[in-house]
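Spelled out from the first residue to the last, the chains are:
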Amino acid sequence: MPRTVDGLRELARVSRESRAEPWPDRGDGPCDRCVSLGCRLGRRARPAHTGTVREMMAGETAKREDLLAAAVVQAVEGTGAYAGSVFLRSRDRRSIVLAATCGVPPSLLGGWHLIPVSSPIPVAAAYDSGRTVHLADADETMRRFPQLAVALPYAFGSCSVPVGSGEETFGALAIVWAAAPGGEGLSKTQRRHMRTIANRLGDSLSELRARTGDPVECDPQTIPVENPAPSAPAVRAGLFDWDLVTGTFTVDDELCAIFGLDPRAFDGRAETLASCLHPGDRAALRAVARAGAAEGRIKARRLRIRDHGGGSEGYRTVELWGRAPQADSARARSHLVGTVVDAQAGSAAVAAVERLRDGVFSLAPDGRVTYANQSALQLLGVRGNELLGQFLSDVLPWLSDPDVEYRHRSAMISQTPVSFLACRPPDRWLAFSLHPEADGVTGRVVPVGNTPSTSPPSASSATATASPPARLGVMYHVLQLGSALTEAVTAREVCEVISDQLLPAFGGQQLAIYVVRDGTMRLLFHTGHHEDFLDWLEGVPLHARLPGTETLTSGTPLFIESQQDLSQGYPGIPTGDVRSWAYLPLIASSHPVGTCVLGFDEIHRFTEKDRGVLTALAGLIAQALERARLYDSEFALARGLQQALLPHRLPVVPGIRTVARYLPGTRGMDIGGDWYDIIPTGSGVSLVIGDVEGHSIAAAATMAQLRSAVRAFAAVGHTPGDVMAGVNRTLIDLDPGLLASCCYIHLEPHGHHAYAVTAGHPPPLIRRPDGTTDALELDIGPLLGVDRASAYPATRIDLPPGSVLALYTDGLVEERGTDIKVGIDRLRASLAHAPADSPDNLADRLLRNARGSSYRADDIALLLTELAAGHGAEVTPDHGVTPTDSG
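These numbers were taken from a predicted model, which means no experiment stands behind them.

Calculation criteria
Residues numbered from 1 in each chain as written. Predicted model: local features only at pLDDT ≥ 70, side-chain atom pairs only at ≥ 80, totals over all residues. Heavy atoms only, no water. Helix = DSSP H or I, 4+ residues; strand = E, 2+ residues; numbered from the N terminus. Buried < 20%, exposed > 50% of the residue type's maximum accessible area, 1.4 Å probe, protein only. Contact = heavy atoms within 4.5 Å. Areas by Shrake-Rupley, 256 points an atom, 1.4 Å probe, with all protein chains shown as cover. Pairing = 2+ DSSP bridges. Axes fitted to C-alpha atoms, helices over the stretch in contact; angles between N-to-C directions. Polar contact = N/O pair within 3.5 Å; in protein donor to acceptor, adjacent residues only side chain to side chain. Phe/Tyr/Trp six-rings, centres within 6.5 Å; stacked < 30°, edge-to-face > 60°. pLDDT = per-residue confidence, 0-100. Patch = residues over 30% accessible without salt bridge, like charges linked within 9 Å, V, L, I, M, F, W, Y side chains within 5 Å. Salt bridge = Lys/Arg side-chain N within 4 Å of Asp/Glu carboxyl O. Core = buried A, V, L, I, M, F, W, Y, C linked by side-chain atoms within 4.5 Å. Expected span 1.5 Å × (residues − 1). Left-handed = near helix turned anticlockwise from the far one by under 90°. Nonpolar A, V, L, I, M, F, W, Y, C, P; charged D, E, K, R; others polar.

Student: With reference to specific residues and values, describe the overall build of the chain.
Tutor: Within the chain, the regular secondary structure consists of 25 helices and 33 strands. Buried positions account for 49% of the 887 residues belonging to the chain. Contacts in the chain between residues far apart in sequence, at least 24 positions, make up 61% of those at least 6 positions apart. Here the chain has roughly 40400 Å² of accessible surface; of this, 51% comes from carbon and sulfur atoms.

Student: An account of the sheet that holds strand 13 (residues 359-363) is needed here, citing residue identities and associated values.
Tutor: Across the sheet, which stays open at both edges, the 5 strands sit in the order 14-13-17-16-15 with antiparallel pairing between neighbours. Edge positions in the sheet fall to strand 14 (369-372) and strand 15 (418-424), since each of these pairs with one other strand and no more. Strand-to-strand twist across the sheet, computed as the mean angle between neighbouring axes with direction ignored, equals 25°. Sheet analysis places strand 13 next to strand 17 (residues 440-447), joined by 5 bridges and oriented antiparallel. Its bridge partner lying in strand 17, Ser-362 is registered against Thr-442.

Student: Account for the side chain of His-746, naming residues and giving values.
Tutor: Residue placement: His-746 occurs in strand 26 (residues 740-747). A polar contact of 3.0 Å, which involves the side chain of His-746, links it to the backbone oxygen of Ser-683. Of the polar contacts made by the side chain of His-746, one reaches the side chain of Ser-686; its length is 2.9 Å.

Student: Now, about the packing of aromatic side chains: what can you tell me, with residues and values included?
Tutor: All told, the structure shown has 6 aromatic pairs when counted by the stated rule. Their ring planes at 80° and their centres at 5.5 Å tell us that Phe-600 and Phe-606 sit as a pair that is edge-to-face. Look at Phe-600 and you get buried, because its relative accessible area is 2%. A relative accessible area of 6% means that Phe-606 is categorised as buried. Aromatic ring contacts, followed pair by pair, group Phe-240, Trp-242 and Phe-249 into a single cluster.

Student: Tell me about the pairing of strand 22 (residues 591-600), and name the residues and values.
Tutor: The buried fraction of strand 22 is high, at 8 of 10 residues. Here strand 18 (residues 510-517) pairs with strand 22 via 6 bridges, running antiparallel. The residue bridging Leu-511 from the neighbouring strand is Leu-598, located in strand 22. With 9 bridges connecting them, strand 21 (residues 580-588) and strand 22 associate as antiparallel partners. Across the sheet, the residue bridging to Tyr-583 is Val-597, located in strand 22. As consecutive antiparallel partners, strand 21 and strand 22 are separated by 2 residues, and within that stretch Ser-589 has a phi angle of approximately 55°, a positive value.

Student: Outline the sheet that holds strand 11 (residues 314-323), listing residues and values.
Tutor: Whenever strands of a sheet pair, they do so through backbone hydrogen bonds, lying parallel or antiparallel. Ordered by their spatial adjacency, 5 strands build an open sheet running 9-8-12-11-10, and the pairing between neighbours is antiparallel. A strand with exactly one partner marks an edge of an open sheet, and here the two such strands are strand 9 (249-251) and strand 10 (297-307). With direction set aside, neighbouring strand axes in the sheet form an average angle of 30°. On top of the sheet, helix 9 (residues 282-295) reaches strand 8 (236-243), strand 10, strand 11 and strand 12 (335-342); it is set at about 165° to strand 10, its chief contact.

Student: Explain the confidence of the model for the chain to me, and be specific about the residues and the numbers.
Tutor: Detailed conclusions should not be drawn from predicted coordinates in areas where pLDDT is low. In this model, the chain carries a mean pLDDT of 79, and residues with pLDDT of at least 70 account for 81%. Note that pLDDT drops below 50 for residues 452-474; the model gives that stretch 45 contacts with residues more than four away or on any other chain. Note that residues 871-887 has pLDDT below 50 and, in this model, 45 contacts with residues that lie over four places away or in other chains.

Student: Describe a nonpolar patch on the surface, and please don't skip the residues or the numbers.
Tutor: Judged by side-chain polarity, Leu-739, Leu-783 and Val-786 come together as a nonpolar surface patch covering roughly 220 Å² of accessible area. Residue placement: Leu-783 occurs in the loop between strand 30 (780-781) and strand 31 (795-798).

Student: Talk me through the environment of Met-142; I want residue IDs and the actual numbers.
Tutor: With respect to the helices, strands and loops of the structure, Met-142 is situated in helix 4 (residues 138-144). Taking the C-alpha atoms as reference points, Met-142 and Pro-153, separated by 11 residues in sequence, lie 8.6 Å from one another.

Student: Describe the nonpolar core, naming the residues involved and giving the relevant values.
Tutor: By size, the foremost hydrophobic cluster in this structure holds 50 residues, and its most contacted members are Trp-675, Ile-745, Leu-747, Leu-784 and Leu-805. Counting 35 residues, the second largest nonpolar core, distinct from the first, contains Ala-484, Ala-491, Leu-502 and Val-593.

Student: So what's going on with helix 23 (residues 820-833)? Which residues, and what values?
Tutor: Here helix 23 spans 20 Å end to end across 14 residues, near enough to the 20 Å set by a 1.5 Å rise per residue. Those residues of helix 23 hidden inside the fold are in contact with strand 28 (765-767), strand 29 (773-775), strand 32 (804-808) and helix 24 (839-846). One side-chain oxygen of the residue at the start of helix 23 lies 2.8 Å from the amide nitrogen of Lys-821, identifying that residue as Asp-819.

Student: Kindly report on the pairing of strand 8, identifying the contributing residues and their values.
Tutor: Counting buried residues in strand 8 gives 6 out of 8 residues, a clear majority hidden from the surface. The sheet contact formed by strand 8 and strand 12 spans 8 bridges and is antiparallel. Counted as the bridge partner of Arg-236 is Asp-342 from strand 12. As paired strands, strand 8 and strand 9 are joined by 3 bridges and run antiparallel to one another. Among the inter-strand pairings, Trp-242 is bridged to a residue of strand 9, identified as Phe-249. The antiparallel hairpin formed by strand 8 and strand 9 contains 5 residues in its connecting segment, where Gly-247 sits at a positive phi of about 80°.

Student: Tell me about helix 18 (residues 547-554), and please be specific about residues and values.
Tutor: Residues of helix 18 that are buried include every one of Pro-547, Gly-548, Thr-549, Thr-551 and Leu-552, and no others. Turning to helix 18, the residues buried within the fold contact strand 18, strand 19 (520-527), strand 20 (558-560), helix 19 (563-569), strand 21 and strand 22. Positive phi appears at Gly-555, one or two residues downstream of helix 18, with a value of about 75°.

Student: Account for the pattern of salt bridges, naming residues and giving values.
Tutor: Under the criterion given, the structure shown has 28 salt bridges. Of the charged contacts in the structure, one is a salt bridge between Arg-269 and Glu-271, with a shortest N-O distance of 3.7 Å. For Glu-271, a relative accessible area of 48% puts it in the partly exposed group. The residue Arg-828 makes a salt bridge to Asp-825 at a minimum N-O spacing of 3.0 Å. You can see Arg-828 and its partner Asp-825 sitting in helix 23, 3 residues apart, about one turn around the helix. On the accessibility criterion, Arg-828 (24% relative accessible area) is partly exposed.

Student: Describe in detail the environment of Ala-174, supporting the description with residues and values.
Tutor: Mapping Ala-174 onto the fold places it in strand 6 (residues 168-178). The class for Ala-174 is buried, based on a relative accessible area of 10%. Taking the C-alpha atoms as reference, Ala-174 lies 6.4 Å from Val-161; in sequence the two are 13 residues apart. Not counting residues up to four positions away in its chain, the partners in contact with Ala-174 are Ala-83, Gly-84, Ser-85, Val-123, Cys-159 and Ser-160.

Student: If you had to explain the packing of helix 21 (residues 697-715) against helix 22 (residues 720-734) to someone new, which residues and values would you point to?
Tutor: Remark: helix 21 packs on helix 22, axes separated minimally by 9 Å, with the N-to-C direction vectors making an angle of 145°. At the point where helix 21 passes helix 22, the crossing takes the right-handed sense. Only Val-723, Gly-726, Val-727, Thr-730, Leu-731 and Leu-734 of helix 22 make contact with helix 21, whose side of the interface consists of Thr-702, Gln-705, Leu-706, Ala-709, Val-710, Phe-713 and Ala-714. Looking at the contact of helix 21 with helix 22, its residues break down into 9 nonpolar, 4 polar and no charged.

Student: Go over unusual backbone geometry with me, naming the residues and quoting the values.
Tutor: Cis geometry is found at the peptide bond from Pro-425 to Pro-426, where omega equals 5°. You can see Pro-426 is positioned in the loop between strand 15 and strand 16 (428-437). Backbone geometry places Ser-590, a non-glycine residue, at a positive phi of 65°. One can find Ser-590 in the loop between strand 21 and strand 22. Ser-590 gets classed as exposed once you look at its relative accessible area, which sits at 75%.

Have a look at this one:
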């Protein structure tokens, strides 16, 4: 009967370790199951053997790593991508952390090991929005995520999907593939497959949390689970368990394949395996058994196996490795477990490449050299032991050019061959070509026949003594923060961008920004859980001998790695719970702006890369902060002007209660043209709301002129239609090049009705005493400023006592990509269901969502009027004019 065992591949790890170090001699032997293949890992993993492989794993952490690894591999293989990654949320939920990869190592991802949730990066957008982000090619990436395209300007497509369970999102799953321009990317079926994998992963992580109580999050210090891209094996390894007493073998399918045997027909006898060996090695196999029984191990015993490849019979050499299980029982001493290693294919490939005169080398996906033939070593002028396992740029300074790193990244990410020239000092030019696959890069280097007269753009001609330039990982942080700062307008926004980018990127927990004001340091922004972080710096003069001031006056960043270092340099300064600090001077145009301070709860060793990046970023921060503070000053002036143009207080009108609210837009310094007014007249009281198009000083000035015009026409007793027509002519005469909308409602004294006209303005809302709420259906006239002859018909509306009228501008109901009718109906529903306790509370409830939004594209004006129960507008008329349609 067959003696193959499917699970024998678990012995591969044991076999590899046996080649690297002696097997330990421990007296605390395993249970009896270790003698058989039922427990093949022996006693190496832990001192107290549990008898099962599952119990020897590293607990629940290993289970989670298995889930992450399986998901990312399935995503890559199921979509034909060449790389994938899984990100999980951080503990503070401000970032997502790289937890597992397939194909592309984390080092190739540059700054994307830890990503702020607010970053304009597809995987962060998928996590934050809960939606799939599919980018078919580089052009679509550039359109939708320009910051990503700036940092990775390569030809690739990507798909990112959220990972979660129910309403909770744990992270995101992303894949990358080589994409030609104009490609369609993933099919709908493939995207659905991605979402299915992500949902299954989310459910599994949720179930694991329910069992263990451990939160689904990732520490930024955690090393990601790496799954290399699949590749053809250069070495084959077959596993065995050899019973030295009976002479029988239990083997896996791979060992049968190495020996040229059918696994289903193998009888488990040593003689059968021996028959496959060279006749001269059969006695050696028996000698191996005797040596193994005596010494308890087999180390690199070479055997020749019959090989029928190529149609003719020959032999190839394999190596036999093994050991006796670590146990004191007689059964354990009578067994050998181990592996047969067949490296013939790899050896043949190496021999073939070594015969070439061209230089050939191999790079791992992260860029480290894994092989170089002798020709390559000679052309590069380096020894093999100096180069293997290193980056080319670290060993060869003349290749320490960002262009070389760029070419390698481009080849790996776009999966397209690239080439470049480089000059080996003093004047030898070499041509390099890189040919990528998901599992690495094969490189070719040859001398250039004719030396270029000038250095081409893609060549590296740095001398061996030149200082190494910034690597792309450093450049990414500069690009990312610089791009994000261009979108920040106010000082508060700048500070939030700095916090979102710097703290996650460098693992800090505290950030404080102090600015110089009247020669002293003043706190502008702070984030972190230590409220008293740097309290001692508040209000100190700029010339004080403190780290926060000296770094600014000297212009030199200060990196303090421990409390002891701080105490030695600045005795007596409180340290609190912070362990390390980075003080960055913020200087713009030779003018001291302030100091940015990063704090770390644990000791942080600042590498040369950290120091270089933070120093470069300090300049960007200073420029952005100085620009933002200037904007804030001008913004305050503009807002003050706008507030001055609106009514300072509303008139008190017996029988009605009115309240108004105004919210400016959140972006841009320009002010808007929204206005409202209440005008008591001899014939009643008029409610007005309007909106001049645009956001500018011109819009605000036009708004002020129109408001004055409305008051003037209303004061002389014109009907609502005539008032609107007169305002329209006034706007055309002013010729500001702007249009405006307006709604005018005139309430009659002691009555329960009103007359309303509208010039292209959103319809007013009415809530009646019984709670029914509707948008008023008015005869709509054209916008103001379109046609001098425009007429504005009036509509009579009934106003039962206790009714509430709501006039508003489009900023309250308009949303990009949504019909304005949807917003109006949403506001109507809010008005209908809001408690009718007071107009003030009602206005606040209607504006709750707008106030809570971090972004308002337009100004908002709201005017609420409540008619007291049983009363009309008690205003004594000066003229007995009843408002009518002016035609």
